[in-house]
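# A structural walkthrough
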Amino acid sequence: MTSWTVEQNWNFILGLLGKKTEPLPSALSLIRSKRVSHLSLGQRRKAELLSLFSLSLPLYLLDEPFSPLDQSERHFFLNELKALKTKGVTIIMTTHDEDLLTEKPAAILELPRSIQS
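Counting from 1, residues in each chain are numbered in the order their sequence is written. Where totals are concerned, whole chains, interfaces and linings use all residues; where local detail is concerned, this predicted model gives features only for residues with pLDDT of at least 70, and gives and counts side-chain atom pairs only at 80 or more. For side-chain calculations, the full set of non-hydrogen atoms in the structure is used, while hydrogens and water are omitted.

### Section: the overall build of the chain
- Only DSSP runs of H or I covering at least 4 residues are called helices, and only runs of E covering at least 2 are called strands; the numbering of each starts at the N terminus. Helix and strand counts for the chain stand at three helices and two strands.
- Of the regular secondary structure in the chain, the N- to C-terminal order runs α-α-β-α-β.
- Burial classes follow relative accessibility: with a 1.4 Å probe on protein chains only, a residue under 20% of its type's maximum area counts as buried, one over 50% as exposed, and anything between as partly exposed. In the chain, buried positions account for 28% of the 117 residues.
- When checking whether two residues touch, look at their non-hydrogen atoms; a contact exists if any pair is within 4.5 Å. A separation of at least 24 residues holds for 55% of the contacts in the chain among residues at least 6 apart in sequence.
- Where accessible areas are quoted, they stem from the Shrake-Rupley method and a 1.4 Å probe; at the residue level, only the protein chains shown are allowed to cover. For the chain, the accessible area works out to roughly 8,400 Å², and carbon and sulfur atoms hold 56% of it.

As structure tokens, this is what we get:
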């Protein structure tokens, strides 16, 4: 919810998952009281990804997760994905960024440029 703060969104997501209130990830402490609507697109995406990855889910479906992030932030989150992968987490991600494919994912499914029915 964009009218809520980062921390309110965090607590809402935990509630949806039936989890008790947990501390906000420390990397979000600087923006915890900011309304999501006041964050830049990159800050929003970082908050979304940090929150998501800290939930310890068995499966992540990510659609272009790194598009608004700069190169160093992409590198940071790629390392986060690698850490999740070593824990046995399944990650399915779409991307148009061919540079991400050099990170040696377990499998790549390449779709044709256009799909006709």
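Having put the structure on the table, let's press on.
### Describing the pattern of salt bridges
- By definition here, a salt bridge exists when the distance from a side-chain nitrogen of Lys or Arg to a carboxyl oxygen of Asp or Glu is within 4 Å. With the rule as written, the count across this model stands at three salt bridges.
- Across the pair Glu 7 and Arg 32 runs a salt bridge whose closest N-O atoms are separated by 2.9 Å. Note that Glu 7 is positioned in helix α1 (residues 6-16) and Arg 32 in the loop between α1 and α2 (41-53), a separation of 25 residues in sequence.
- Given a relative accessible area of 29%, Glu 7 falls into the partly exposed group.
- Of the residues examined, Arg 32 reaches a relative accessible area of 31% and is grouped as partly exposed.
- The salt bridge partner of Lys 46 is Glu 73, with a shortest N-O separation of 2.8 Å.

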